[in-house]
Amino acid sequence: ETGLFTYDSGFTATASCRSAITYIDGDNGVLMYRGYPIEQLAEHSSFLEVAYLLMNGELPGKDDFATFEHEVTHHTMMHEAFRTFLFGFRHDAHPMAMLVGMLGSMASFYHNTLDLEDAEQRRMAAIRLIAKVPTIAAACHRYSIGWPSRYPKNNLEYVTRFLHMMKEVPSEPLELNPVAAKALDLLFILHADHEQNASTSTVRLVGSTGANPYACVAAGVAALWGPAHGGANEAVLKMLEEIGRPDNVQSAVDKAKDKNSGFRLMGFGHRVYKNFDPRAKIIREMCHKVLNELGVNDPLLEVAMKLEEAALKDDYFVQRKLYPNVDFYSGIIYKALGIPTEMFTVMFAIARTAGWVAHWLEQQNDPEAKIGRPRQIYTGYDARDYASIDKR
Ligand code: SDX
């Protein structure tokens, strides 16, 4: 209740806000969305139902879900002029750079009609973001490979619709394996929210100034991109590819223990979890199942398993409570689903948009919420007098 948290490293942090959305117990590896354990949501729910839960605080009844799904489905299109913004990017721009730019510019299409004082308009802005981010993300990917973007098909459910926009090519019918959509839906559930992680705190800090929700989510995407945060899933795959073979694993573990190497095991460690990240456990099991069902035999899975085994029995990692996190195995599944590496963090952003908009709404609806204004410990000079340049 004091709002003061002390990490193992002795670092202390004060709570940046009050929130009823997600609960984490880092010592015991517990994660709950609105009181529902992540394991149960992973087994029984869908990403869109979880998005409703995060936004509204309760699981929807049949009619409420049908209404929510209809609203999201009918806001998936991009304004045609908005689509042309893509052509301003270099063809080889990283999709996260494009996503930041496209989301920030989304304000120019929807912000001037948005009255932030109106709760229904705030809710619709949240719906627009959940609905349009997959369309924008797929268009960014297709632009980077020189393909025309695809319009969202409203007869498809949320994740299948996204995969269709990502993969459908004019010259041949798209064969979508239902395993792929189910696997991606589960990954989206696991990535939907995570308390005050860096990107969600960024969204809340920007939102506390009264900035529009599109700018808030664009700021969240920018924060997520970093390799210490959401960019880790892309970095994990690059690390596994560099390790290459199981017999190179021990040298990678030894290098990660050498402070001078500047190398860390990507996908390991967490600011809050000092036990297994519950999402990593679910993703690890899913990895084996999805690769078997898709008939994919990826040698990187064996490298990942050996790396995990070696690290979990190494004192350096055990003493520092460094366990695999959500990013450790997810990249192997994305790769098996045919998602290109540079799109891995974009996948994370699509899912986390549900959490970001839920936190933004919670903050906007909180009459006690104040502008975020972190303080600092000043380590600079004491007061001193100006010296003219000929005296310096
Ligand atoms: C996400 O906050 C969230 O909730 C984020 C997230 C979400 O859903 O939003 O969960 C998603 O961002 C997961 C994290 C993805 N990042 C990575 O996998 C990058 C690799 N991990 C590290 O950079 C690191 O573990 C952090 C940044 C994730 C957490 O860092 P901490 O808890 O601040 O750890 P630290 O930097 O204080 O390190 C403690 C010790 C240090 O050694 P000592 O100084 O005590 O000798 O552990 C070492 C670190 O050098 N260490 C690692 C390590 N992570 C920490 N050593 C090797 N490999 C690692 N991965």
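See the structure above.
Residues numbered from 1 in each chain as written. Predicted model: local features only at pLDDT ≥ 70, side-chain atom pairs only at ≥ 80, totals over all residues. Heavy atoms only, no water.

With that settled, the discussion passes to the overall build of the chain. Helix and strand counts for the chain come out as 17 helices and 5 strands. For 392 residues, the compact-globule estimate of 2.2 N^0.38 gives 21 Å, and the C-alpha radius of gyration of the chain, at 22 Å, lies within 12% of that figure. Reported as C-alpha extents along the three principal axes, the dimensions of the chain are approximately 65 × 60 × 50 Å. Considering only residue pairs separated by 6 or more positions, the chain has 73% of its internal contacts joining residues 24 or more positions apart. (Helix = DSSP H or I, 4+ residues; strand = E, 2+ residues; numbered from the N terminus. Rg over C-alpha atoms; globule rule 2.2 N^0.38 Å. Contact = heavy atoms within 4.5 Å.)

The environment of the ligand is made up of 26 residues, and the closest members are H194, G267, H270, R271 and R279. Separating an oxygen atom of the ligand from a side-chain N or O atom of H229 is a distance of 3.0 Å. A distance of 3.2 Å separates an oxygen atom of the ligand from a polar side-chain atom of K274. Burial of the ligand by the protein chains amounts to 81% of its free accessible area of 1,100 Å². Secondary-structure elements contributing two or more residues to the shell around the ligand are α15 (315–319) and α17 (344–364). (Near = heavy atom within 4 Å. Polar contact = N/O pair within 3.5 Å; in protein donor to acceptor, adjacent residues only side chain to side chain. Areas by Shrake-Rupley, 256 points an atom, 1.4 Å probe, with all protein chains shown as cover.)

In total, this model carries 15 salt bridges according to the counting rule given. We note a salt bridge from D247 to R245, for which the minimum N-O separation is 3.2 Å. For D247, a relative accessible area of 58% puts it in the exposed group. Residue classification places R245 among the partly exposed positions, given a relative accessible area of 48%. Across the pair K335 and D298 runs a salt bridge whose closest N-O atoms are separated by 2.8 Å. Taken together, the residues K335 in helix α16 (residues 327–336) and D298 in the loop between α13 (278–294) and α14 (299–312) connect sequence positions 37 residues apart. Given the relative accessible area of 34%, K335 is considered partly exposed. Judged by relative accessible area, D298 falls into the buried class, the value being 7%. In this structure, a network of salt bridges that share partners links the residues E71, E120 and R123. (Salt bridge = Lys/Arg side-chain N within 4 Å of Asp/Glu carboxyl O. Buried < 20%, exposed > 50% of the residue type's maximum accessible area, 1.4 Å probe, protein only.)

Attention shifts here to the sheet that holds strand β5 (residues 36–37). Reading across from one edge, β3-β4-β5 is the order of the 3 strands in this open sheet, with antiparallel pairing throughout. At either margin of the open sheet sits one strand with a lone partner, and together these are β3 (22–25) and β5. (Pairing = 2+ DSSP bridges.)

In the sheet, β3 pairs with strand β4 (residues 30–33) via 4 bridges, with the strands oriented antiparallel. Looking across to β4, one finds that D25 is bridged to V30. Counting the residues that bridge the hairpin from β3 to β4 gives 4 residues, and of these G29 lies at a positive phi of roughly 60°.

Orientation of helix α9 (residues 198–207) relative to helix α10 (residues 213–224), taken along the N-to-C sense of each, is 150°, at an axis distance of 8 Å. On the basis of the axis angle, α9 is roughly antiparallel to α10. Of the two elements, α9 crosses α10, and the hand of that crossing is right-handed. On the side of α9, the interface is formed by A198, S199, T202, V203, V206 and G207, while α10 contributes C216, V217, A219, G220, A223 and L224. (Axes fitted to C-alpha atoms, helices over the stretch in contact; angles between N-to-C directions. Parallel < 35°, antiparallel > 145°, perpendicular 65-115°, else oblique. Left-handed = near helix turned anticlockwise from the far one by under 90°.)

Judged by nonpolar contacts, the single largest core of 123 residues is most densely connected at L103 and L265. In contact with L265, not counting residues within four places along its chain, are M239, A252, V253, A256, L307, A311 and F317. (Core = buried A, V, L, I, M, F, W, Y, C linked by side-chain atoms within 4.5 Å.)

With that settled, the discussion passes to α10. One turn of the α-helix equals 3.6 residues, which is why residues spaced by three or four share an orientation. Between the first and last C-alpha of α10 there are 16 Å, a value that for 12 residues agrees with the 16 Å anticipated at 1.5 Å per step. Taken as a whole, α10 has its buried residues at P213, Y214, C216, V217, A218, G220, V221 and L224. Where α10 begins, one side-chain oxygen reaches toward the backbone nitrogen of Y214, 2.9 Å away; that side chain belongs to N212. (Expected span 1.5 Å × (residues − 1).)

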